[in-house]
Amino acid sequence: MAWVLKMDEVIESGLVHDFDASLSGIGQELGAGAYSMSDVLALPIFKQEDSSLPQENETKHPPFQYVMCAATSPAVKLYDETLTYLNQGQSYEIRMLDNRKAGDIPEINGKLVKSIIRVVFHDRRLQYTEHQQLEGWKWNRPGDRLLDLDIPMSVGVIDIKTNPSQLNAVEFLWDPTKCTSAFIQVHCISTEFTPRKHGGEKGVPFRIQVDTFKQTENGEYTDHLHSASCQIKVFKPKGADRKQKTDREKMEKRTAHEKEKYQPSYDTTVLTECSPWPDTPTTFVNNSPTPAPTFTSAQHNTYSVPDSNSSSPNHQGDGTSQGSGEQLHPSATIQETQQWLLKNRFSTYTRLFSNFSGADLLKLTREDLVQICGPADGIRLYNALKSRSVRPRLTIYVCQEPLRSIELERQDAGNGDSSNGAIYVYHAIYLEEMTASEVTRKLALAFNIPLHQINQVYRQGPTGIHILVSDQMVQNFQDESCFLFTTIKAENGEGFHIILK
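Residue positions are given per chain, counting from 1 as you read along its sequence in written order. Only residues with pLDDT of 70 or above have their local features reported here, since the model is predicted, and side-chain atom pairs are shown and tallied only from 80 upward, although totals for entire chains, interfaces and linings are computed over all residues. Hydrogens and waters are ignored; side-chain quantities use all the structure's heavy atoms.

(A) Quick look at the sheet that holds strand S18 (residues 481-489). Strands were regarded as paired on the criterion that DSSP finds at least two bridges between them. Helix and strand assignments follow DSSP, with helices taken as H or I runs no shorter than four residues and strands as E runs no shorter than two, numbered in order from the N terminus. Strand order across the open sheet formed by six strands is S15-S14-S18-S19-S16-S17, with mixed pairing between neighbours. Of all the strands in the sheet, just strand S15 (427-431) and strand S17 (466-468) have a single pairing partner and so form its edges. Here the average twist between neighbouring strands, direction ignored, is 40°. Here strand S16 (residues 454-460) runs beside strand S19 (residues 496-500); their pairing, made up of five bridges, is parallel. What sits directly across from isoleucine 454, in S19, is phenylalanine 496. Of the strands in this sheet, strand S14 (394-400), S15, S16, S18 and S19 touch helix H15 (residues 436-446), which is tilted by about 145° from S15. Angles here are taken between N-to-C directions and fall from 0 to 180 degrees, while the axes themselves are lines fitted to C-alpha atoms, restricted in helices to the stretch in contact. The contact definition used throughout considers only heavy atoms, calling two residues in contact when any of these lie within 4.5 Å.

(B) Spatial organisation of the packing of aromatic side chains. Pairs were defined over the aromatic rings of Phe, Tyr and Trp, the Trp ring being its six-membered one, requiring ring centres within 6.5 Å. Orientation was assigned from the angle between planes: stacked under 30 degrees, edge-to-face over 60, tilted for the rest. On inspection of all chains with the given rule, the structure shows nine aromatic pairs. Consider the rings of phenylalanine 193 and phenylalanine 206, whose centres lie 5.8 Å apart with planes at 90°: the pair is edge-to-face. Here phenylalanine 206 lies in strand S9 (residues 206-214) and phenylalanine 193 lies in the loop between strand S8 (180-186) and S9, a separation of 13 residues in the sequence. Here phenylalanine 193 matches phenylalanine 206 in class, with each residue buried. Taking 6.2 Å as the distance between ring centres and 10° as the angle between the ring planes, the aromatic pair formed by tryptophan 340 and phenylalanine 346 counts as stacked. Side by side, tryptophan 340 and phenylalanine 346 carry an identical accessibility label, which is buried. Taken together through their ring pairs, the aromatic side chains of Phe121, Phe193 and Phe206 make up a single cluster. We call a charge positioned over a ring when the NZ of a Lys or the CZ of an Arg lies within 6 Å of the ring centre and within 35 degrees of the ring normal. The ring of phenylalanine 213 has lysine 114 lying over it, and the distance from NZ or CZ to the ring centre is 5.9 Å. Here the term buried applies to any residue with accessible area under 20% of the maximum for its type, exposed to any over 50%, and partly exposed to those in between, with areas from a 1.4 Å probe on protein chains only.

(C) Representation of the sheet that holds strand S3 (residues 91-98) in the model. Across the sheet, five strands lie side by side as S5-S8-S3-S1-S11; this open sheet has antiparallel pairing. Among the strands making up the open sheet, the edge pair consists of strand S5 (147-149) and strand S11 (269-270). As judged from the five bridges shared by strand S1 (residues 64-68) and S3, these two strands associate in the antiparallel manner. Note on S3: the bridge partner recorded for phenylalanine 64 is aspartate 98.

(D) Main features of the side chain of asparagine 87. In this structure, asparagine 87 sits in strand S2 (residues 83-87). In this structure asparagine 87 comes out as buried when scored by relative accessible area, which is 2%. Each residue touching asparagine 87, except ones within four places of it in the same chain, is listed here: Tyr92, Val186, Val234, Phe235, Lys236, Pro237, Lys238, Gly239, Ala240 and Asp241.

(E) Quick look at the nonpolar core. Buried Ala, Val, Leu, Ile, Met, Phe, Trp, Tyr and Cys residues that are joined via side-chain atoms within 4.5 Å together make up what is termed a nonpolar core. Counting residues in each nonpolar core, the largest one holds 42 residues, and the members touching the most others are Met68, Ile117, Phe172, Ile184, Val186, Phe206 and Ile208. The leading source of residues in this core is strand S10 (residues 223-235), at five residues. The contact partners of phenylalanine 172, leaving out residues within four places of it in the chain, are Met96, Val113, Lys114, Ser115, Ile117, Leu149, Val157, Ile158, Asp159, Ile160 and Ala182. By size, the runner-up hydrophobic cluster in this structure holds 24 residues, among which are Ile396, Ile429, Phe447 and Phe477.

(F) Region of interest: the packing of helix H12 (residues 366-373) against helix H13 (residues 375-385). Two elements in contact, H12 and H13, have axes whose closest approach is 7 Å; the angle formed by their N-to-C orientations is 140°. With respect to H13, the axis of H12 lies oblique. The hand of the H12/H13 crossing is right-handed. Only Pro375, Asp377, Gly378, Ile379, Leu381, Tyr382 and Leu385 of H13 make contact with H12, whose side of the interface consists of Arg366, Leu369, Val370 and Cys373. When the residues that make up the contact of H12 with H13 are grouped by side-chain class, the tally is eight nonpolar, one polar and two charged. Between 65 and 115 degrees an angle is taken as roughly perpendicular, under 35 as roughly parallel, over 145 as roughly antiparallel, and anywhere else as oblique. The handedness criterion is simple: a crossing whose near helix is rotated anticlockwise from the far helix by less than a right angle is left-handed, and one whose near helix is rotated clockwise is right-handed. For this scheme, ten residues count as nonpolar: Ala, Val, Leu, Ile, Met, Phe, Trp, Tyr, Cys and Pro. Four count as charged, namely Asp, Glu, Lys and Arg, and the remainder, Gly too, count as polar.

(G) Fine view of the pairing of S19. Most of S19 sits inside the fold, with five of its five residues counted as buried. With burial as the criterion, each face of S19 is covered, one bearing Phe496, Ile498 and Leu500 and the other bearing His497 and Ile499. Inspection of the sheet shows S18 paired to S19 by five bridges, in the antiparallel sense. Among the inter-strand pairings, phenylalanine 485 is bridged to a residue of S19, identified as leucine 500.

(H) The pairing of S9, seen in detail. With nine of nine residues buried, S9 lies mostly within the body of the structure. Where strand S4 (residues 113-121) and S9 come together, eight bridges link them in antiparallel fashion. Bridged to valine 120 within S9 is arginine 207. Sheet analysis places S9 next to S10, joined by nine bridges and oriented antiparallel. Residue threonine 212 lies in a different strand from S10, and its bridge partner there is histidine 226.

Dropping the structure here:
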């Protein structure tokens with residue numbers, strides 16, 4: 001016991017700082033992250049000879065560990081949180097590891113758990129305005145998601161689901177006893193949430209957070225088990241590699257004494273324990289009988305099938321956005337003008353035009369609006385007021401095949417006679433988002449089909465095979481392509497599938 005130092009002597013001599021600095025690297029090598037002051041005191045070099053007392057770190061053992069295969073930045077101070085740079089749209093592996101000791105959480109043995117991966121804001125200021133920030137991003141990037149799962153590369157993930165109203169999250173089931181890796185793709189870059197000033201603005205940091213749940217007695221995955229996260233910044237393709245190289249070169253120029261104040265770069269990023277994301281279970285699970293956004297399985301569906309009775313503006317069954325195509329009339333009152341501005345995404349200017357009627361607003365020239373709202377919003381508002389239509393990104397023509405034409409086509413296949421009396425009337429489908437969900441929604445609108453009854457949309461391929469219509473397939477449609485479609489009843493008897501030919 002003579003060699004054990006008193007803690008006040010240790011602190012006064014600065015040895016704790018030196019030990020903490022030297023041991024933080026060991027912690028990363030062991031895959032447990034940098035050690036803090038309390039962790040150092042729990043190491044054997046500071047242990048009392050009486051080992052009968054329980055150690056604090058023995059009472060808290062995380063059941064899981066998540067490791068992202070991306071290098072940490074070397075330009076991070078010793079006691080700061082790690083920072084990892086990612087390239088926009090690139091797939092990064094997150095290894096889902098079972099970290100339980102023998103006998104820990106025995107109720108999940110042989111069972112699946114659910115994990116939700118999110119990309120969220122690191123700054124508290126942006127967390128408070130997350131909904132507005134994500135809505136703004138959604139309007140600027142229609143049809144895109146902030147976070148995707150690279151399904152072909154992922155291993156051991158089951159029942160992958162995404163929610164069209166939760167663009168920054170994906171969920172899946174996995175077996176802790178099996179090798180599991182989820183490959184994520186982050187599509188938003190850090191500078192997209194930075195106010196534009198003079199160019200070269202510093203991007204905001206994000207967080208990758210994983211929340212894991214076990215199944216309750218009623219079969220829902222709402223019982224929280226573990227949460228962990230890490231800090232990231234997202235750059236345009238190849239930008240993360242350049243930033244990593246720049247940080248490394250800066251550190252090489254520092255003196256040996258200065259380098260001691262920074263943590264080394266590691267090949268992987270260990271997510272550290274954190275609090276669960278607020279309202280996680282209610283966000284992803286519908287516990288009430290009232291309609292709510294539903295997840296759709298990425299293994300079975302490539303689009304969402306919301307409840308037709310949903311009152312959410314993101315789930316309108318008519319397939320049109322609020323206020324889209326509604327022209328502002330000169331007779332509109334001040335209140336109606338305010339509603340028109342809100343519906344057409346000009347909420348920023350409702351206070352500015354709080355005393356304007358429809359006639360007042362329509363009298364403004366293009367130059368007036370540009371001067372008042374700036375070039376971007378001014379031109380957009382002018383076009384909306386004049387109801388200038390925008391050419392769709394893709395146009396397809398679709399006709400519902402008469403039920404009897406299937407048999408007649410087989411009869412006429414041999415003689416080439418197509419005069420079977422069937423009249424084919426095509427509907428033009430104009431696509432702006434170029435997604436499978438948009439095709440489904442506009443098919444339902446054009447042919448008066450209940451949207452909630454459509455389970456799948458397939459395209460008939462070679463030898464009559466049915467190919468699931470995905471976003472990528474829609475984006476590769478030729479403009480003004482023609483399709484016949486027929487419907488077949490689903491195997492479970494609930495709803496039906498659409499086959500495009």
